[in-house]
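Structural features, examined
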Amino acid sequence: MARDDGTGVTRLVSERAASLAYDALSPELVELIKQIVLDTLGVAIGASGLAPEARVVAEYVEALGGRPESTVYGFGFKAPAPWAAFVNGSLGHMLDYDDVGAGGHVGIATVPVAFAVAEKLGCVSGRDLITAIAAGTDLHTRLDLAVRLPDWTMTEGWFATQLFGFLSGAVTAGRLRGLDAERIEHSLGIAFTQVSGSRQMAVGASTDLRSMQAGFSGQGAVLAADLAARGIVGSKEVIEGRYGLYKTYVRNEPEWSMLTEGLGTRFPLLTEHGFKVWPACGYTRATNTATLQLRRENRLEPEDVETITVIGGTGATRLLSEPIELKRRPQLSIDGKYSIPFTTAVMMVRGNVTLRDYTDEGLRDPAVLAMADRVGYRADPDAILPIGGQSALSRPTVEIRTRDGRVFSCTPDGVPGDPAHPVGWDLLEAKFRDCVSFARRPPGKSGIERVIEMVHNLDSLDDASEIPRLFG
């Protein structure tokens, strides 16, 4: 049992993950995990055809060869499970359309790992897959919620997806393999040795590495569980230890009760998880929401706009707005998705933001670029930063000044897709179909509908690995 000072947390996490049973999961949690699975698969398979770096990564792994254990989405080949998790986890964030919540993007940190391991093992039931993903996403969410620093992912400089993804992925893989508590603890120790995720990969112009966060953590997680299963002994107390996760990477004493309270019976994922309705960085959601609201309420047309000013928000709002000249003229899709000026311009011009807005043609659209030149950013020195690192906590104000002298402003109280403004199956299925239509090797209409049906009935499947095989 863990103490109030965190002693024993890593062991407790391992014990609860090893003993977690499907019957302990509420129907609401099972339904949410099914939605996460569909959403993660969709954005990953869509990236196989839309993201130029996807082909580079997939071809590299294909050239390595090795035992064909697990499907690489959209590219027609199988690879050793750790390498399949590397490609598929990387694909999962290349469109920046994957899920959001406490800890960044829990779906891409766990779902590609789960399917890679399931295919390697063979005949893994859908219930076992759901249970493993529940264990991994729960740890990921709790690791984030335990950090009680304001805007910590910016001030400390980490992408929580990758930082926590090694551990959440290791729990997912370990639980799926049926490892006991001791070996899951070893898996966590082996995974912790690989931990990384510095935000330097996204300062100024974004890099391909920003999209590959969960590729590295997924590969490391599968490797960790494989080695632990073979008897490799991992580091101990990697969460609470003297040189563990919080003391080394976050450099702050966490709220240990967030990690331990209700572990195995209560799942904070239900109140923290969200889905994206627009394919861009989570920190653009608040500015998109405010811009769309002002556009609709005041019946504004693009030609009415003199200037748009984004004010305040968290450190990420500033990161996605500066340097302003670079952010107004993104050269690559990933740069556009990581730009508040460009994405705000798209929303003002079109009244929506879609995958096509980040294609080469979309990035060169004259109307959007002209609007981007009118978008600026101003810091708010009096802003109180929220506790935590989730993008949903950012509350910038959008101010629109019209050519006839009117001024409108909006500070949104939430964003579409967050827990307070949830989306349902209809939207997620439409999003899935749209994403998969861009796949390098589209599975065809019947294949798409078959995947949707199988995910809906995931808890009834005898072999969950039938699903990724349809993407081969």
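The structure contained in this document is the topic of the report that follows. Owing to the predicted nature of the structure, the values given are computational and were not obtained by experimental measurement.

This brings us to the overall build of the protein chain. Assigned secondary structure in the protein chain consists of 24 helices and six strands. When its C-alpha atoms are laid out on the principal axes, the protein chain stretches across 70 × 50 × 40 Å. When the 472 residues of the protein chain are sorted by exposure, 62% land in the buried category. Accessible surface, the protein chain as shown: approximately 17400 Å² in total, 49% of it carbon and sulfur.

With that settled, consider the pattern of salt bridges. Any two side chains of opposite charge can pair, given that their charged atoms come close. Scanning the model with the defined rule gives 25 salt bridges in all. With a closest N to O distance of 3.0 Å, Glu-322 and Arg-318 form a salt bridge. Its relative accessible area of 33% is what places Glu-322 among the partly exposed residues. For Glu-453, the salt bridge is made with Arg-450, and the minimal N-O distance between the two is 3.6 Å. In this pair, Glu-453 and Arg-450 are both assigned in helix α23 (residues 444–456), three residues apart and thus about one turn of the helix distant. Its relative accessible area of 42% is what places Glu-453 among the partly exposed residues.

Relative to the assigned elements, Asp-151 resides in the loop between α6 (126–145) and α7 (152–155). Setting aside residues up to four positions removed in sequence, Asp-151 forms contacts with Thr-314, Gly-315, Ala-316, Leu-385, Pro-386 and Gly-388.

What follows deals with the sheet that holds strand β3 (residues 305–311). With respect to topology, four strands assemble into an open sheet ordered β4-β3-β5-β6, the strand pairing being mixed. Only two strands of the sheet have a single partner each, and these edge strands are β4 (375–378) and β6 (407–410). Across the sheet, the axes of successive neighbouring strands diverge by a mean angle of 20°, strand direction being ignored. Pairing between strand β5 (residues 397–402) and β6: four bridges, direction antiparallel. Bridging across to β6, Arg-401 finds its partner in Val-407. On top of the sheet, helix α19 (residues 340–350) reaches β3, β4 and β5; it is set at about 135° to β3, its chief contact.

Helix packing geometry: the angle between the two helix axes and the distance between the axes. The interhelical angle for the contact between helix α15 (residues 285–297) and α19, taken along N-to-C directions, is 25°, at an axis separation of 9 Å. Judged by the inter-axis angle, α15 sits roughly parallel to α19. Judged by the twist between their axes, the crossing of α15 over α19 is right-handed. Between α15 and α19, the residues in contact are Thr-287, Asn-288, Thr-291, Leu-292 and Arg-295 and Ile-340, Thr-343, Thr-344, Met-347, Met-348, Val-349 and Arg-350, respectively. When grouped by side-chain class, the residues that make up the contact of α15 with α19 number five nonpolar, five polar and two charged.

Where β3 lies against β5, six bridges are found, and the strand directions are antiparallel. In the strand pairing of β5, Ile-311 is matched with Thr-397. Hairpin remark: β5 followed by β6, antiparallel, with four residues in the connecting loop; positive phi at Gly-405, about 95°.

Counted according to the given criterion, the structure contains 10 aromatic pairs. For the ring pair Tyr-60 and Trp-83, a centre distance of 6.0 Å and an interplane angle of 75° mean the geometry is edge-to-face. With Tyr-60 in helix α3 (residues 52–64) and Trp-83 in helix α4 (residues 81–94), this residue pair connects regions lying 23 residues apart in the sequence. Aromatic pair Trp-152 and Phe-164: ring centres 5.8 Å apart, planes at 40°, arrangement tilted. You can see Trp-152 sitting in helix α7 and its partner Phe-164 sitting in helix α8 (residues 160–176), a full 12 residues away along the chain.

Below, the discussion takes up unusual backbone geometry. Cis geometry marks the peptide bond from Glu-322 to Pro-323; its omega dihedral reads -5°. Locating Pro-323 in the fold gives a position in the loop between α16 (315–319) and α17 (324–328). At Asp-96, a position not held by glycine, the phi torsion is positive, near 50°. Here Asp-96 is to be found in the loop between α4 and α5 (106–121).

Before going further, it helps to examine the packing of helix α1 (residues 9–19) against helix α9 (residues 181–192). Two numbers describe how α1 lies on α9: the axes approach to 8 Å, and their chain directions differ by 125°. By the criterion of interaxial angle, the relationship of α1 to α9 is oblique. Crossing of α1 against α9: the hand is right-handed. Note on element contacts: α9 touches α1 through Ala-181, Glu-182, Ile-184, Glu-185 and Leu-188, opposite Thr-10, Arg-11, Val-13, Ser-14, Glu-15, Ala-17 and Ala-18. Here the contact of α1 with α9 is built from residues that sort into six nonpolar, two polar and four charged.

As a further point, take the nonpolar core. Where a protein is soluble and globular, its nonpolar side chains tend to be buried together. By size, the foremost hydrophobic cluster in this structure holds 153 residues, and its most contacted members are Ile-239 and Tyr-246. Considering each element in turn, this core owes the most residues, 12 residues, to helix α2 (residues 27–50). With sequence-adjacent residues up to four places away left out, Tyr-246 is seen in contact with Arg-142, Leu-143, Ala-146, Val-147, Ile-239, Arg-251, Asn-252, Pro-254, Trp-256 and Leu-259.

Basis of the calculations
Residues numbered from 1 in each chain as written. Predicted model: local features only at pLDDT ≥ 70, side-chain atom pairs only at ≥ 80, totals over all residues. Heavy atoms only, no water. Helix = DSSP H or I, 4+ residues; strand = E, 2+ residues; numbered from the N terminus. Buried < 20%, exposed > 50% of the residue type's maximum accessible area, 1.4 Å probe, protein only. Areas by Shrake-Rupley, 256 points an atom, 1.4 Å probe, with all protein chains shown as cover. Salt bridge = Lys/Arg side-chain N within 4 Å of Asp/Glu carboxyl O. Contact = heavy atoms within 4.5 Å. Pairing = 2+ DSSP bridges. Axes fitted to C-alpha atoms, helices over the stretch in contact; angles between N-to-C directions. Parallel < 35°, antiparallel > 145°, perpendicular 65-115°, else oblique. Left-handed = near helix turned anticlockwise from the far one by under 90°. Nonpolar A, V, L, I, M, F, W, Y, C, P; charged D, E, K, R; others polar. Phe/Tyr/Trp six-rings, centres within 6.5 Å; stacked < 30°, edge-to-face > 60°. Core = buried A, V, L, I, M, F, W, Y, C linked by side-chain atoms within 4.5 Å.

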